Each structure stands twice: as structure tokens, then as C-alpha cells.
Amino acid sequence: MESLIFQLIEDIITNSNDQIKFVLISREYPPINLSKLKINNQVKELSISDLRFDTVEFNTLLKKLRLKKLSKEQLSEIINFTEGWIIALRFVSEQLLGGESYQNIVRNIKNYSNEYFDFLLDDILSKQPPFIQKYLVLSSLLNQFSSDLINSAIQEDRKEIRAFYKHKDFVNYLINNSLFIIKVNDDEACYRYHHIFQDYLRRQLKKFSERNELEIFFKTITDKLVEKDMIEEALEYAFSINSMEIAVHIFEQKRYELINKEQFGRLNYIVGLFPVQITENNISLLLARALLADARANYVDMQHDLNLAKKFISKADHNEKMGEYYSLLSAKSYLSNEVEKTAEFSEKAIDLLADNEGYLTYFAIAYKSMSLFSSKKLNLSLELIDKRLKELTSYNEYGKTRLLSIKSVILAMDSNMNTLIPTAEGYLSLSKKTKLLMSWTMSGYFIGMGQYQINRLEKAKTVLEPFVDSKFYGRPFWNLNIYFVYLCSLLHLNEEENFNKYLLDLENLVEDLNNDGYRAFLQVMKSEFALLRNDNTAALNYSKDQDLSGFPTVFFSLFPQLNKIKLWLHSVNQTKISKAGKYLDELILTAKNLSNRMLLIQCLALKAIYFEKTNDSKKSVATLVESINLNINGLSVRTYLDLRTLISPAIELLRLSSHRNENIEKILQYFPLDIYRANGVDTKKTMDLLINIANPSISKRELEIIELISKGFTNKQIANMLFISVETVKKHLSSVFKKLHVRNRIGAVIQAGKLNLLKS
């Protein structure tokens with residue numbers, strides 16, 4: 001019957017006289033073919049959005065009513081607030097007709113005058129069926145909604161709605177009855193209420209007596225939102241009805257997923273939404289907060305939250321919560337240098353989380369491996385990781401990513417650069433596949449740091465560039481260390497402009513983090529940069545009064561505790577030099593207890609400087625040899641080069657000694673002061689030499705010329721052989737002398753030979 005009516009209307013319209021005008025008003029787009037009339041421009045269509053007034057139309061209305069003229073700003077304010085809603089504008093017009101001032105009208109609208117709401121209630125809401133009224137009021141707490149979302153919450157009433165109005169759902173009912181519903185997104189069919197109507201409905205919600213129905217409605221809504229990964233929105237609605245039970249339920253549903261996907265920034269935001277009193281009386285929230293504190297290297301807060309969580313452990317409803325607690329406790333124990341407790345707690349965690357393949361399971365495996373490593377059982381540590389890798393199925397890329405993360409940490413602490421770099425490259429590849437951004441950051445750091453330590457500065461810069469450019473700061477302490485290695489590389493490569501640009505980025509990052517610990521760490525980094533520039537005064541000023549006690553001495557190339565020692569060793573004050581020696585003894589003991597070869601190599605190099613400063617040449621040489629010989633799997637060249645003039649006297653003592661092996665020879669080649677003296681180079685320029693010796697940037701043409709002069713050819717002969725002028729040869733030689741810090745051809749050949757630049 002309905003289709004026949006529409007067919008009849010279509011026939012009348014399309015076959016009527018041109019003089020007849022039709023006005024067709026419909027709540028839905030009618031199933032009438034008007035294409036021919038549209039082509040002939042004989043149809044004018046108006047949608048609901050076309051009926052909203054703009055400032056020009058509202059001004060025209062006021063003129064027709066002969067009302068007081070409003071300014072452009074006043075017109076815009078009213079249109080923006082009412083969204084062009086004709087009923088609201090009618091209210092404004094009536095107020096103006098009554099002689100009300102503009103200020104009072106705006107106040108009345110924004111404060112919702114009784115007269116206005118009486119109109120809404122009597123003319124609109126009260127005319128709706130009771131169940132429609134109920135769901136209008138309930139849904140007013142939703143800032144946006146879809147048919148699917150609302151229908152999921154309408155249970156028994158849904159059939160009644162369909163029976164009452166023959167349309168498919170509640171949202172269609174709102175649209176077809178013009179109940180102030182506005183489409184937000186054309187693609188996703190998302191809607192919202194007009195904000196004035198929504199605020200009115202929310203006022204009615206306060207009178208809503210069916211608390212049980214309210215909670216059922218929002219429990220269903222939030223479950224649907226959680227299903228769509230809209231956790232923040234779900235929590236917002238739970239908090240809006242003051243239901244902590246629903247809020248905690250939402251968190252429990254999604255916390256594992258957030259942790260396993262390394263969405264720590266999001267997790268931090270969500271945990272922060274909960275009132276402190278709720279958080280500190282809920283084990284899941286406390287464990288999440290402790291994990292976040294660990295991610296920020298905030299070990300004081302981590303310990304605080306673990307202490308609070310302890311009282312809930314005996315009441316934990318299942319093994320997983322206890323397993324998570326012991327996993328985090330193993331991390332805190334390790335960072336407190338309590339290796340035996342680390343082993344104990346990590347083993348408990350692994351047992352309790354045996355059926356869980358999540359982040360905190362691998363977290364416990366990591367600290368179990370590190371406890372073995374620190375107990376001087378490196379092989380057992382790596383065997384544990386490799387065994388787990390073999391047990392994983394080929395498609396378990398998540399597990400492999402986690403295990404390679406652990407292996408990278410162990411190799412970094414062992415200063416095994418030869419194996420670290422390829423392992424971290426595999427880790428990087430898997431982190432991209434699994435889309436784990438924090439793992440991506442960590443893997444990038446390990447590759448870049450490894451390349452930097454073995455003095456491949458261009459490679460380190462290239463590797464780390466995407467990470468500093470990404471502006472992803474999921475785990476700030478790692479990001480700061482990435483910046484440190486990257487900026488050191490730029491400094492050594494003389495890229496001053498880029499260095500300043502990225503240093504500013506780093507300063508902005510630290511400012512955004514708004515954390516005193518990170519601010520102190522930044523100042524230490526700046527102090528290190530100043531030392532690399534040989535500006536001891538600036539270095540001292542940056543480092544002054546910085547509290548570094550909370551920073552771990554674990555697996556980063558920059559140990560902030562060493563900065564103070566370097567500054568003391570630069571001093572001529574014997575008291576400060578003595579303090580450096582005592583502090584070094586403590587750190588050397590820590591490094592040995594934790595089997596932290598990376599820290600030990602650096603500490604021993606500094607201790608060699610200390611002995612040279614205190615005129616104990618024999619111990620200086622022996623300690624420097626010990627440091628160099630610890631580099632058994634890739635020589636950490638930058639450990640020594642970055643100490644520059646500070647370590648040069650100790651290097652000279654080593655050169656005069658009888659100690660020789662492959663690593664010592666390599667280090668001596670990086671400090672060729674005997675060649676500099678032989679060719680008239682000022683040894684006071686050691687700093688400049690060390691900047692460029694490792695990376696002299698010799699061009700291909702310059703290498704050809706050095707090769708030819710090493711064979712005894714004259715400038716003229718070289719010019720003829722290379723088809724260039726004699727003047728060009730001289731220019732190239734001048735450049736070579738400058739880069740190699742020599743004064744003549746003989747010095748250039750000797751230096752090139754020392755740096756393995758010659759083919760023969």
C-alpha cells in the first residue's frame with residue numbers, strides 16, 4: 001500500500017503542469033525518482049542542516065521584527081551557542097521584543113531559564129512515550145553515540161519501541177521525530193544531541209530514581225565501548241554516574257592488553273583518571289602504577305606502590321596478580337643491587353605466570369636472566385633466553401620480540417658489541433612487525449649505542465635519526481639516552497647546526513615531561529657535551545647540585561654518576577681528585593657485583609686517570625690495560641676517545657710500557673701523539689685531533705693522492721696520472737694535511753698508514 005502511494009505521488013509530480021508547485025515534507029528521503037526534475041533544475045531540496053540559521057539569516061530575522069541591531073560579535077556568540085537552532089533563536093527574539101538586554105538574554109540562555117525549559121519539557125519531552133523519555137534521559141550522558149551502541153543498551157524495551165514506531169532503531173526514531181539529534185561523522189554514522197537539549201536532559205537525569213536501571217544501561221554501554229577499544233570514553237561514563245565498580249571492571253577488562261601492547265602512555269592516562277583513594281585500595285591499579293613508575297625510572301614511587309600492593313597479595317584472587325607483584329619486585333630488587341632477591345622473586349613470578357605469555361611474564365624472565373648474569377653466569381643467562389626462543393612456535397613473534405629485548409640488555413651490560421648489534425637488529429625487525437613502539441625504541445637505542453661505541457659515528461647517526469624524529473616518547477628514560485648518543489655523534493661529526501636543533505628538541509621534551517629527575521639528567525647530558533668540547537667551566541655549571549642518586553647503573557652507555565667523577569678529575573684540587581678515587585672504588589665494586597662489564601670498562605679507564613693524576617704510573621698503566629682487555633667482543637673505542645685530553649697522559653704511559661695486544665694497538669693508533677710530535681704538531685691540540693682522527697673524512701680523490709705520494713711520485717707526476725692540474729694536487733694535499741693534522745707529505749703517509757687508509 002505504501003509503495004502505491006509513493007508511486008501515485010511520483011506520477012502526479014512528474015506529469016503535472018509547470019504552473020503547479022509542490023511542497024513535499026518528509027522525515028525520510030522519499031522513494032521517488034526525481035532525477036529528471038533535478039537535471040532540469042526543477043527541484044529545490046532542503047535538509048535539516050539547511051534549516052539551521054547562520055548569522056546573516058538571524059540578522060535578517062531581527063531586521064524584519066524591527067528589533068535592536070546586534071553587533072557581529074553578539075550575533076556570532078548567539079549562533080555559536082544555539083548552533084542555529086530555530087527554537088532557541090525564537091526564544092532570543094521574544095526576549096528582545098520584551099525589552100530584555102543582550103547581556104541578560106545571553107545569561108538566561110546559558111543559565112537555562114525556567115521559561116525556556118518549561119517549553120522544552122511541555123512541547124517536546126512530555127509528548128514522547130515514557131520509554132523514549134527514559135532513554136533520552138539515559139543517553140544524554142553520551143557525548144556521541146551510534147545506533148549500534150544505543151541498541152545494545154536497550155533490552156526489553158527495544159521490541160516495544162519497534163512496535164510503537166515502525167523504524168529499525170532508537171536513533172532512527174530520534175531522527176524521524178526531530179529530537180535535536182545531529183550527525184557528527186558521515187562515514188561512521190555517529191550522532192550527538194544538540195548541546196542545549198543535552199544539558200537539559202542531563203538536568204532531568206539528576207531526578208532519575210531508577211539507579212539500578214542507570215547502572216545496567218551504562219554497564220552495557222561501557223562494555224560495548226570497551227569492545228571497540230574506546231576505554232577512555234567508557235571510563236568517562238562510569239565516572240559520570242559515580243560508579244567505581246563499573247570503572248574498575250573496565251580497567252580489569254583492558255589492562256593486560258594495554259600492558260602487552262606497550263601502550264604505557266595510554267595506561268598512565270587511564271590510571272590517572274581514578275581517584276587516589278580508589279587506586280591505593282586496588283591491587284590491579286597499584287601494580288599498573290608501579291609498572292609505570294619503573295618505565296619512568298622513578299624507583300621511589302615504584303617502591304611506594306609495591307609496598308601498598310603487598311597488603312593485598314594474600315587476598316589476591318588468582319595467581320596472576322601475585323605473579324605480577326613478584327615480577328615487579330624482582331625488577332626493584334635488581335635495581336637495588338639485591339641479586340639474590342632478584343633471583344628469588346623472578347622465579348616465583350615465572351612459576352605463578354606459567355600460563356601467561358604476557359609482558360610481565362617476560363619481565364620476570366628478564367630479571368631472572370639478569371640475576372644469572374650478575375652472578376657471573378653469563379652462559380646460563382643466555383642459555384635461558386635461547387632455550388625459551390627455541391620453545392616458541394615460529395609464529396609467536398610477540399614472544400621472540402620480548403626475548404630479544406632481554407638478550408640485548410644482557411649483551412649491552414656485557415659490552416658485547418659484536419653480538420649486540422645483530423641481535424638488536426633482529427629485535428628491531430620484530431618490534432616493527434609486532435607494532436610494539438617501546439620495543440622499537442629500545443632496539444634502536446641498542447643498535448645506535450653499539451655503533452657509537454665502536455666508533456661508527458655516521459652509522460650511529462643514521463640508525464638513531466628516525467627515533468629522534470619520530471617524537472615518540474613512550475618510555476622517556478630510553479628516549480633521553482637515544483638523544484644523548486645521537487647528539488654525541490653529531491658533535492663528533494661537527495654537525496653543529498643539527499646538534500643545536502636536536503638539543504632544543506630534547507630540552508622541549510624534558511620540559512613536557514615535567515619531571516625533576518629528567519631535568520637533572522638533561523643537565524648532566526649538557527655537562528657531558530661541554531666536556532667533549534673541552535669547556536670544563538660550562539660542564540661544571542651544568543652538573544652543579546644535580547641529584548643523580550635515583551638513576552640506575554645498568555645498561556646505558558651514559559652513567560650520570562660518572563659525570564661528577566670526570567669533573568673532579570679535571571680539577572687540580574687534590575681533595576676532589578681523592579673523592580673521585582673513592583667514588584670510583586664504590587662503582588667498580590658495584591660493577592663487579594653486577595658483572596656489568598660496560599660500567600666496569602668506563603670506571604677502570606677513569607681509575608687509570610686517577611692513578612696518573614696521583615703520580616702512580618705503574619697502577620695507571622695496569623688499570624688502563626685491565627680496562628682495554630675487558631673489551632673482548634668489540635672494542636668500545638668511544639669510552640677512551642670521549643675522555644680525550646683527560647686520558648691522554650695515561651695513554652702515553654701505556655705507550656711507553658711493554659704491554660701490547662691487538663686492542664691496545666688499536667687504542668694507541670687512535671692517540672698517535674708520537675707521530676704528531678715528529679711532524680711538528682702542537683700536542684695541546686689533542687682535543688681537535690681526537691675529534692677528527694677517528695673520522696678524518698678523507699675523500700676518494702685525496703686517498704688516491706696519498707697512495708701515490710706513498711709510492712714516491714711527485715706532484716707533477718700525480719697531476720699527469722690523474723689528469724688534473726698541479727695546483728689541484730696541491731689543494732688536495734693541503735686539505736689532507738689539515739685533516740690528518742700533519743705538516744708535510746711524510747707525516748701524511750705515516751698517519752695514513754697508522755689509520756689503515758693505504759692499500760699497500
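What counts, and where the lines are drawn
- Residues numbered from 1 in each chain as written.
- Predicted model: local features only at pLDDT ≥ 70, side-chain atom pairs only at ≥ 80, totals over all residues.
- Heavy atoms only, no water.
- Helix = DSSP H or I, 4+ residues; strand = E, 2+ residues; numbered from the N terminus.
- Buried < 20%, exposed > 50% of the residue type's maximum accessible area, 1.4 Å probe, protein only.
- Contact = heavy atoms within 4.5 Å.
- Areas by Shrake-Rupley, 256 points an atom, 1.4 Å probe, with all protein chains shown as cover.
- pLDDT = per-residue confidence, 0-100.
- Phe/Tyr/Trp six-rings, centres within 6.5 Å; stacked < 30°, edge-to-face > 60°.
- Core = buried A, V, L, I, M, F, W, Y, C linked by side-chain atoms within 4.5 Å.
- Patch = residues over 30% accessible without salt bridge, like charges linked within 9 Å, V, L, I, M, F, W, Y side chains within 5 Å.
- Salt bridge = Lys/Arg side-chain N within 4 Å of Asp/Glu carboxyl O.

> Any chance you could explain the overall build of the chain here in plain terms?
Counting its secondary structure elements, the chain contains 44 helices and two strands. Within the span of the chain, comprising 760 residues, buried residues form 53% of the whole. Of the contacts formed within the chain by residues at least 6 apart in sequence, a portion of 64% connects residues at least 24 apart. Counting every atom, the chain has about 36,800 Å² of accessible surface; 50% of that belongs to carbon and sulfur.

> Please explain the side chain of S140 as it appears in this structure.
Here S140 lies in the loop between α8 (130–139) and α9 (147–153). Residue class for S140 comes out buried when judged on its relative accessible area of 0%. Those residues in contact with S140 that lie beyond four places of it in its chain are Y193, Q198, L201 and R202.

> Sorry if this is basic, but what is going on with the confidence of the model for the chain here?
The predicted structure's coordinates, where accompanied by low pLDDT, should not be read in detail. The predicted model of the chain has a mean per-residue pLDDT of 83, with 88% of residues at 70 or higher. Of the regions scoring below 50 in pLDDT, residues 674–695 engages in 54 contacts with residues more than four places distant in sequence or in other chains.

> What is the right way to look at the packing of aromatic side chains in this model?
Two descriptors summarise a pair of aromatic rings, namely the distance from one centre to the other and the angle between the planes of the rings. According to the stated counting rule, one finds 25 aromatic pairs in the structure shown. Seen in terms of ring centroids, F264 and Y359 are 5.5 Å apart; in terms of plane orientation they differ by 70°. Their pairing is edge-to-face. Linking F264 in helix α16 (residues 264–273) with Y359 in helix α22 (residues 359–374), this pair joins segments that are 95 residues apart in sequence. In this structure F264 comes out as buried when scored by relative accessible area, which is 4%. An angle of 65° between the planes, with centres 5.3 Å apart, marks the rings of F363 and Y367 as edge-to-face. In this pair, F363 and Y367 both sit in helix α22, four residues apart, roughly one turn of the helix. The same class applies to F363 as to Y367, namely buried. Among the aromatic side chains, those forming a connected cluster through ring pairs are F145, F180, Y193, F197 and Y200.

> Hey, could you run me through the nonpolar core in this one?
Buried together is how nonpolar side chains tend to be arranged in soluble globular proteins. Judged by nonpolar contacts, the single largest core of 199 residues is most densely connected at L136, F145, F446, L506 and I647. Every residue in contact with L136, bar those within four places of it in the chain, is listed here: L125, Q128, F170, L174, L179, Y193, F197 and L201. Grouped together as the second largest cluster of nonpolar side chains are 18 residues, I698, I709, A748 and L758 included.

> Before we go on, may I ask you to explain unusual backbone geometry in this structure?
Even without a glycine there, the phi angle at N337 is positive, about 65°. In this structure, N337 sits in the loop between α20 (319–335) and α21 (339–352). Even without a glycine there, the phi angle at S595 is positive, about 55°. Judged by relative accessible area, which is 16%, S595 ranks as buried.

> Sorry if this is basic, but what is going on with helix α41 (residues 700–710) here?
Burial in α41 covers these residues: E702, I705, I706, E707, L708 and I709. In the segment just after α41, G712 is the residue with positive phi, at about 95°.

> I tried to follow a nonpolar patch on the surface on my own but got confused; where do I start?
A cluster of nonpolar side chains, L8, I12, I20 and F22, forms an exposed patch at the surface whose accessible area comes to about 380 Å². Mapped onto the fold, I20 is located in the loop between α1 (2–15) and α2 (35–39). On the accessibility criterion, I20 (44% relative accessible area) is partly exposed.

> Got a minute to help me understand the pattern of salt bridges in this structure?
Two side chains of opposite charge can pair, provided their charged atoms sit close to one another. Scanning all chains against the criterion turns up 31 salt bridges. The closest approach of N and O atoms between R266 and D229, which form a salt bridge, is 3.1 Å. With a gap of 37 residues between them, R266 in helix α16 and D229 in the loop between α13 (211–227) and α14 (231–240) connect regions that are remote in the sequence. The class for D229 is partly exposed, based on a relative accessible area of 29%. Of the charged contacts, one joins R289 and E280 as a salt bridge, the two residues approaching to 2.9 Å between their closest N and O atoms. Using a relative accessible area of 19% as the deciding quantity, one classes R289 as buried. Among the charged side chains, a salt-bridge network with shared partners connects D229, E232, K254, E257, K261 and R266.

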